[in-house]
Amino acid sequence: MAYEIEGRNHCDTHRILTATSLELKKTLLDLEEREEVMKNNPGHASQTMQRETIDSRDSFMVALHKVLGNPNHHQQLFLTYSSLQDAANNIEDEVLAARTSVATISTAKDQRMADLERQLKIYEKVLYSGSSTSKGLPQLSSPQLVDMMTRLEAMLSRLETTIRDTITDVEQKKKILKSDPLQIKGRNLFVFFMNDFAMLQQAMVEIETRWEANRVSTERQ
């Protein structure tokens, strides 16, 4: 039994060592590939003289130049390290400007919040004047606010009464106008008097003509 247990332990150890060996071989191959890429990259090769232009085979520097956002990347015949440094400096300046802008906006926001808090405290003093929070939420007990609400309610009540009276009066006048032709004529004359003087003259002529006809008819009888 002990021999079997020991054998199983040896098998487990063997599997672990085998997996570790495979992983190390894979890592070694990756390192060798990276080393080969670095050797073939002109940017990593030893140079006796410092170059001012970027080698077109240096894919890393060319990609970095493109990432930094040089708008003339495709128009330049040669990419230089100085233009790369200028692009990096421009990005640094933009970052500093963005940080300054963010700080300014944050300061303005804090100032607005402070102003809002001060105004809120003023409103609380006005709305909750003399109230206590020991028995729950404060009540709107400002004398000025209560007086204003009372006056508004009274004004609304008077306005509703006036509107109802006006509607009743208008309906009564409509009934009178429908039942009495003379009232309709008088209303038309009033409208003509206020809005159309020519129509008023014409209506007066018609009334005068009818009256004259009635007078003549009465005299003949």
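Let us look at the structure shown here. Here the structure is a predicted model, which means the values were calculated and not measured.

About the thresholds
Residues numbered from 1 in each chain as written. Predicted model: local features only at pLDDT ≥ 70, side-chain atom pairs only at ≥ 80, totals over all residues. Heavy atoms only, no water. Helix = DSSP H or I, 4+ residues; strand = E, 2+ residues; numbered from the N terminus. Buried < 20%, exposed > 50% of the residue type's maximum accessible area, 1.4 Å probe, protein only. Contact = heavy atoms within 4.5 Å. Areas by Shrake-Rupley, 256 points an atom, 1.4 Å probe, with all protein chains shown as cover. Salt bridge = Lys/Arg side-chain N within 4 Å of Asp/Glu carboxyl O. Patch = residues over 30% accessible without salt bridge, like charges linked within 9 Å, V, L, I, M, F, W, Y side chains within 5 Å. Lys, Arg positive; Asp, Glu negative; His and termini not counted. Charge placed at Lys NZ, Arg CZ, Asp CG, Glu CD.

1. Quick notes on the overall build of the protein chain
Now for step 1: A tally of regular secondary structure across the protein chain gives six helices and zero strands.
Now for step 2: Starting at the N terminus, the α and β elements of the protein chain follow one another as α-α-α-α-α-α.
Now for step 3: For the protein chain, the residues scored as buried account for 8% of the 221 residues in total.
Now for step 4: Contacts in the protein chain between residues at least 24 apart in sequence constitute 15% of all its contacts with a sequence separation of at least 6.
Now for step 5: Carbon and sulfur atoms form 60% of the exposed surface of the protein chain, whose accessible area is close to 19,700 Å².

2. Quick word on the pattern of salt bridges
Side-chain pairs of opposite charge can arise whenever the charged atoms involved come near each other.
Now for step 1: As enumerated under the stated definition, the model contains four salt bridges in all.
Now for step 2: The salt bridge partner of Asp12 is Arg15, with a shortest N-O separation of 2.1 Å. Taken together, the residues span about one helical turn, with Asp12 and Arg15 both in helix α1 (residues 2–40) at a distance of three residues.
Now for step 3: Judged by its relative accessible area of 52%, Arg15 is exposed.
Now for step 4: With its nearest N and O atoms 2.0 Å apart, the salt bridge here joins Asp115 to Arg118. One end of the pair, Asp115, and the other, Arg118, are both in helix α3 (residues 81–127), three residues apart, so they sit about a helical turn from each other.
Now for step 5: Under the relative-accessibility criterion, Asp115 is labelled partly exposed at 27%.
Now for step 6: Arg118 gets classed as partly exposed once you look at its relative accessible area, which sits at 46%.

3. Let's talk about a negative patch on the surface
Now for step 1: Taken together, Glu23, Asp30, Glu32 and Glu33 make up a surface patch of like negative charges.
Now for step 2: One can find Glu23 in helix α1.

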